[in-house]
Amino acid sequence: MSTRYEEQQATDRRFMAAALRMSRKHAGLTATNPAVGTLLVSDDGNGPVIVGRGVTAIGGRPHAEAEALAEAGEKARGATAYVTLEPCAHHGRTPPCANALVSAGVARVVGAASDPDPRVSGKGYAILREAGIEVVERVMADEAADQLAGYLVRSLKKRPQVTLKLALSADGMIGRPGEGQIAITGAISRRQVHLMRAEADAIVVGINTALADDPELTVRLPGLEARSPVRIVLDRLARLDPASKLARTAEEVPVFVAVGPEADAARKAELEAFGVKSLATDTYDGRIALPELLEDLAALGMMNVMVEGGAETARNFLADDMVDRIVIFRGPVELGAGGIAAPVDENHMPAGFRLTRQARFGDDSYAEWTRNF
Ligand code: AOF
Ligand code: ZN
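Residue positions are given per chain, counted from 1 along the sequence in the order it is written. Working convention: letters from A go to chains and numbers from 1 go to ligands, in the order in which they are written. Restriction of local features to residues with pLDDT of at least 70 applies here, the model being predicted, together with a cutoff of 80 or more for giving and counting side-chain atom pairs; totals for whole chains, interfaces and linings are based on all residues.

Chemist: What's the story with the environment of Val162 in this structure? I'm lost.
Modeler: Mapped onto the elements, Val162 comes out in strand 6 (residues 161-168). Spatially, the C-alpha atom of Val162 lies 18 Å from that of Asp235, the residues being 73 residues apart in sequence. In this description, any two residues whose backbone-derived C-beta atoms lie within 7 Å of each other are considered to be in contact. Those residues in contact with Val162, other than ones at most four positions away along the chain, are Val305, Val307, Phe317, Met322, Val323 and Asp324. The secondary structure listing takes helices from DSSP runs of H or I that are at least 4 residues long and strands from runs of E that are at least 2 residues long, numbered from the N terminus.

Put into structure tokens, the structure is as follows:
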């Protein structure tokens, strides 16, 4: 027989898991704000019923709580609110969510992650408790931290969370020199990559990859085409080809070139005529200063950046200690001698990374390593 307390805990976890899943709907669409989920659940003795649901709106506002309270109306009175992030306590562009929950007569608030934003940090929960609301913190906190990692990393480190994505052949290569894009992984992996793109705020590649592969770097999943994130090329000398797919689609999906002070002004102007925007960045050792670039991206509100290639770019991000998550898709094909060796693989992870996810996508294996932040 489980106790009432254990039953309550199981119910809380179930609804928090649902709130977390729901919030993913807007992952990658809410910058500068994190994508938060809220469920309002009332129980009149016949079991819990969801009376309101909210996800941080596209563009970041209204906040999740406001959306859920709007749906619930009077039904919020006496309900339990499940919030994946501590409700805000500040008068920003919207009134504080903590106060809105109090005014609506919510009886209980169950929270997952705490908000490191100094305007909120602990104050949101304090407002609720002072109003006599029962507050339970840190329910599914690890899962919430994983999902809100981009926001948390940005708050703590003033840069976005960086995910390094690699597709490796069975013999540990990422490609063959001069051959452009080679299919290493299968269709299911490709769809996963596109889903990851959809949930990111930006995709980064080096200029060599942009020139060799002429990639588009958009989301091409049915129904999610509109969710392509910003595309960024590390292009110290502004060498991106104005005839490239990236430049030619810059009006539809933004393209930035991170250029050094030594970039040719005429080349920059030519790219800008296509709608490509330049991000002036310092350089060192003949390459773009990644910490500075990432700080600029965080200042633009970005929380999740995905690094997609190539080997040199991956190596630079690792060398500068700017990687938080490494994901490896490994396909069954062999590329043979003369291939471009992977900068990192399953058996050679940098210190501090631990295996956090594994899956199989058709004939490919997938694994993800994460570093604590
Ligand atoms: C919430 N619910 O759904 C989100 C929150 O610029 P503002 O006024 O929108 O405030 C941004 C801050 O709000 C952000 O730094 C974070 O602390 C919080 N995000 N809070 O109560 C939400 N997205
Ligand atoms: Zn809020």
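On we go from here.
Chemist: Can you help me understand the domain arrangement of the protein chain in this one?
Modeler: Accessible area lost during the coming together of the parts is what is often quoted as the interface size. Note: domain ranges come from an automatic or database domain assignment. The assigned domain composition of the protein chain is domain 1 (1-149) and domain 2 (160-371). In the scheme used here, Gly and all other residues not listed as nonpolar or charged are polar, with Ala, Val, Leu, Ile, Met, Phe, Trp, Tyr, Cys and Pro taken as nonpolar and Asp, Glu, Lys and Arg as charged. Taken together, the residues that form the side of domain 1 that touches domain 2 break down as five nonpolar, two polar and no charged.

Chemist: What is the right way to read the pairing of strand 2 (residues 48-55) from this model?
Modeler: Each regular strand shows side chains that alternate between the opposite faces of the sheet. Here strand 1 (residues 37-43) runs beside strand 2; their pairing, made up of seven bridges, is antiparallel. For Thr38, the partnering residue across the bridge sits in strand 2 and is Gly54. In textbook terms, the turn of a hairpin is the stretch between consecutive antiparallel strands, and for strand 1 and strand 2 this stretch comprises four residues, one of which, Gly45, has a positive phi near 105 degrees. A strand pair is defined by DSSP finding two or more bridges across the two strands.

Chemist: I tried to follow the pairing of strand 18 (residues 364-371) on my own but got confused; where do I start?
Modeler: In this structure, strand 15 (residues 325-330) lies alongside strand 18, joined through six bridges in antiparallel fashion. In the sheet register, Arg330 faces strand 18, and the bridge partner there is Ser365. Across eight bridges, the pairing between strand 17 (residues 353-361) and strand 18 is antiparallel. Bridge pairing links Leu355 to Trp369 in strand 18. Where strand 17 folds back onto strand 18 in an antiparallel hairpin, the turn is made up of two residues, including Gly362, whose phi is positive at roughly 65 degrees.

Chemist: Mind showing me how you'd approach the UniProt feature "binding site: Zn(2+)" (unreviewed entry) in the protein chain here?
Modeler: UniProt positions are given in the numbering used here, feature names are shortened, and annotations may be inferred rather than shown by experiment. Per the UniProt record, "binding site: Zn(2+)" (unreviewed entry) is found at His63, Cys88 and Cys97. What stands out for the annotated residues spanning 35 residues is how close their C-alpha atoms remain, the widest pair being 8.9 Å apart. The residue Cys88 is located in the loop between strand 3 (80-85) and helix 3 (97-103) in this model. A tally of 25 C-beta atoms within 10 Å means that Cys88 is categorised as buried. Ignoring any residue separated from it by four or fewer positions in sequence, one finds Cys88 in contact with His63, Pro96, Cys97, Ala98, Asp115, Val120 and Gly124. Within the secondary structure layout, Cys97 lies in helix 3. Residues in contact with Cys97, not counting those within four places in the same chain, are His63, Glu65, Ala66, Pro87 and Cys88. Exposure classification rests on a simple neighbour count of other C-beta atoms within 10 Å of a residue's own: a residue reaching 20 or more is buried, one at 12 or fewer is exposed, and one in between is partly exposed. C-beta atoms are placed from the backbone.

Chemist: How should the site of ligand 1 be read in this particular structure?
Modeler: We count a residue as near a molecule or strand when its backbone-placed C-beta atom lies within 6 Å of that partner. Taken together, 19 residues form the shell around ligand 1, and within it Val36, His63, Cys88, Gly92 and Asp117 come nearest. Along the lines of polarity and charge, the residues of the shell around ligand 1 split into eight nonpolar, six polar and five charged.

Chemist: Just to check I follow, could you spell out the UniProt feature "active site" (unreviewed entry) in the protein chain for this structure?
Modeler: UniProt feature "active site" (unreviewed entry): in the numbering of this structure it lies at Glu65. With respect to the element layout, Glu65 can be found in helix 2 (residues 64-72). When neighbours within four sequence positions are excluded, Glu65 is seen to be in contact with Thr38, Gly54, Ala81, Val83, Pro87, Cys97, Ala100 and Leu101.

Chemist: I would appreciate a short explanation of helix 11 (residues 290-299) in the present structure.
Modeler: In an α-helix there are 3.6 residues to a turn, and that puts residues three or four apart on one side. Residues of helix 11 that are buried include every one of Leu290, Leu293, Leu294, Leu297 and Ala298, and no others. Buried residues of helix 11 fall within an arc of 140 degrees about the axis and therefore sit on the same side. Immediately beyond the C-terminal end of helix 11, within one or two residues, lies Gly301, with a positive phi of roughly 100 degrees. The arc in question is traced by the directions running from the helix axis to the C-beta atoms.

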